[in-house]
Amino acid sequence: MPDEKTRTVVLPLRGDEEPREGVGLCLSGGGYRAMLFHLGALWRLNELGYLPRLTRVSSVSGGSITAGVLGLKWKDLIFEEGVATNFGIVVDPLLEMAGRNVHLPAILKGLFSRGNAADQVAKAYGKHLYGRATLQDLPRDGDGPRFVFNAGNLQSGALFRFSRPYLADYRVGMVKDPETSLAMAVAASSAFPPFLSPARLKFRADQWEDSTEGADLTEGKFRSDLRLTDGGVYDNLGIETVWKKYRTVLVSDAGGKTGAQAEPPVDWLRQTRRVLDVIDNQVRSLRKRQVIESFEANERAGTYWGIRTQIGDYELPTAWRCDPKRTMELARVKTGLAKLDRGTQERLVNWGYAVSDAAMRRWVVPGAKPPGGLPFPGAEI
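Residues numbered from 1 in each chain as written. Predicted model: local features only at pLDDT ≥ 70, side-chain atom pairs only at ≥ 80, totals over all residues. Heavy atoms only, no water.

Student: How should I be thinking about helix 6 (residues 182–189) in this particular structure?
Tutor: At 3.6 residues per turn, the α-helix brings residues three or four places apart onto the same side. By the criterion of burial, helix 6 is predominantly enclosed, with eight of the eight residues buried. Within the sequence span of helix 6, burial applies to Leu182, Ala183, Met184, Ala185, Val186, Ala187, Ala188 and Ser189. (Buried < 20%, exposed > 50% of the residue type's maximum accessible area, 1.4 Å probe, protein only. Helix = DSSP H or I, 4+ residues; strand = E, 2+ residues; numbered from the N terminus.)

As structure tokens, then:
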């Protein structure tokens, strides 16, 4: 993979010795920025006929907002020769959502009303995107990909996953056929710390099963009163539940990068935030390098594209021409759930579309025709 040239010695990603045939799509975090960037990538994957080929869609944070809409609308998509002809039913609600301020109102309402900020985010998601849908409204295995929404469990320190067949933490156990609302699952996955975190979910003890021999946290509040945070805290690329299973992995990364500071803060609060950002940046960078090196070593098939990618690195003559200065402007759009102007929305969708096209046609479907234009030609990139 030419997107990342630097090599490093890191611990290998865990996975099955013989991964199954199947295609997994991973959607990273990054708030509305990620939501729209991934929408552009899905737009191009649809045109390439790849949506029906997906076996699993694994997401965190902002990526989960997009995945949740795709999963809910899946049964209504009309596929002709592998291409959804009515993909607009996925596009329209996400663009409308990006024009709404959710972040600050959720924090304020969480301070002065019952529940907390994560509850308010779930209410907003329910009102504008998912209605009263539950995890049981997602496609069954075989009727579409399995959608997995990942959160971090602050109690166990492990990954917590929501899906139609079950929700689970390997240390806590499993709840089969959960009736958890789709809005709450996505809100937990996108509970950005510290202000929108934690998301709290309550269960009865009899709803749980011991899922693995490692289930050692099976008593008390570990099962009755869960406290979850943004899935990006554990795995910002959302690859954990895909990498272990499937041979072909597509990674869409809208994550940011910690910038340099000549005079970093010295007060305890801001210095702590800076330290956490540096740690997060390093973990994300190492995982990205592991993914790309695994592609290069033919341990996995697939490709990676990112919001900070230089499209010329794919060495694809027919790739869409994108000014790196303009694309880096989009990479610096702040994360969160604050309203974005329509022009920025369309540019983010266009950029996700263009860079995923280059990655797919370079490494996965080299014979595919280049696109005739961008989703929003008036916005360019």
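From this point, the discussion proceeds with the structure in view.
Student: Would you mind going over the pairing of strand 9 (residues 199–202) with me for this structure?
Tutor: Residues in a regular strand point their side chains to alternate faces of the sheet. Every second residue of strand 9 is oriented toward a common face, the buried set being Ala199 and Leu201 and the non-buried set Arg200 and Lys202. In this structure, strand 9 lies alongside strand 10 (residues 225–230), joined through four bridges in antiparallel fashion. Directly across from Leu201, in strand 10, lies its bridge partner Leu226. (Pairing = 2+ DSSP bridges.)

Student: What should I look at first to understand the packing of aromatic side chains in this one?
Tutor: By convention here, two paired aromatic rings are described through the distance between centres and the angle between planes. Inspection of the entire model under this criterion finds eight aromatic pairs. Each ring, one from Tyr125 and one from Tyr130, has its centre 6.2 Å from the other, and the planes form 75°; the classification is edge-to-face. Assessed through its relative accessible area of 0%, Tyr125 is described here as buried. Residue class for Tyr130 comes out buried when judged on its relative accessible area of 3%. Feature note: the residues Trp43, Phe87 and Phe376 constitute an aromatic cluster, connected by ring pairs. Lying across the ring of Trp363, Arg362 places its NZ or CZ 4.2 Å from the centre. (Phe/Tyr/Trp six-rings, centres within 6.5 Å; stacked < 30°, edge-to-face > 60°. Lys NZ or Arg CZ within 6 Å of the ring centre and 35° of its normal.)

Student: Sorry if this is basic, but what is going on with helix 2 (residues 62–73) here?
Tutor: Under the 1.5 Å per step criterion, the end-to-end length of helix 2 is 18 Å for twelve residues, consistent within 8% with the ideal 16 Å. Most of helix 2 is tucked away, with eleven of its twelve residues classed as buried. Those residues of helix 2 that sit buried are Gly62, Gly63, Ser64, Ile65, Thr66, Ala67, Gly68, Val69, Leu70, Gly71 and Leu72. (Expected span 1.5 Å × (residues − 1).)

Student: I tried to follow the side chain of Asn350 on my own but got confused; where do I start?
Tutor: On the secondary structure map, Asn350 appears in helix 12 (residues 342–363). Residues in contact with Asn350, not counting those within four places in the same chain, are Leu374, Pro375, Phe376, Ala379, Glu380 and Ile381. (Contact = heavy atoms within 4.5 Å.)

Student: Please clarify how unusual backbone geometry should be interpreted in this entry.
Tutor: Comment: phi is negative for the bulk of residues other than glycine, and the bulk of peptide bonds are trans. The omega torsion across Pro193 and Pro194 is 0°, close enough to zero to call that bond cis. Inspection of the secondary structure assignment puts Pro194 in the loop between helix 6 and strand 9. Even without being a glycine, Glu81 presents a positive backbone phi close to 55°. For Glu81, the position within the fold is in the loop between strand 3 (79–80) and strand 4 (83–84). Glu81 gets classed as exposed once you look at its relative accessible area, which sits at 83%.

Student: Sorry, what's going on with the packing of helix 1 (residues 31–47) against helix 3 (residues 88–98) here?
Tutor: Helix 3 packs onto helix 1 with a crossing angle of 160° between their chain directions and a minimal axis gap of 10 Å. The pairing of helix 1 with helix 3 is recorded here as roughly antiparallel in orientation. When you trace helix 1 past helix 3, the crossing you get is left-handed. Residues Tyr32, Met35, Leu36, Leu39 and Trp43 of helix 1 touch helix 3, and the partners they reach there are Val90, Val91, Leu94, Leu95, Met97 and Ala98. (Axes fitted to C-alpha atoms, helices over the stretch in contact; angles between N-to-C directions. Parallel < 35°, antiparallel > 145°, perpendicular 65-115°, else oblique. Left-handed = near helix turned anticlockwise from the far one by under 90°.)

Student: What's the story with the confidence of the model for the protein chain in this structure? I'm lost.
Tutor: When pLDDT is low, close inspection of the predicted coordinates is not appropriate. With 91% of its residues at a pLDDT of 70 or more, the protein chain has an overall mean of 90. Within the model, pLDDT remains below 50 along residues 1–13, and this stretch shows 38 contacts once partners closer than five positions in the same chain are excluded. (pLDDT = per-residue confidence, 0-100.)

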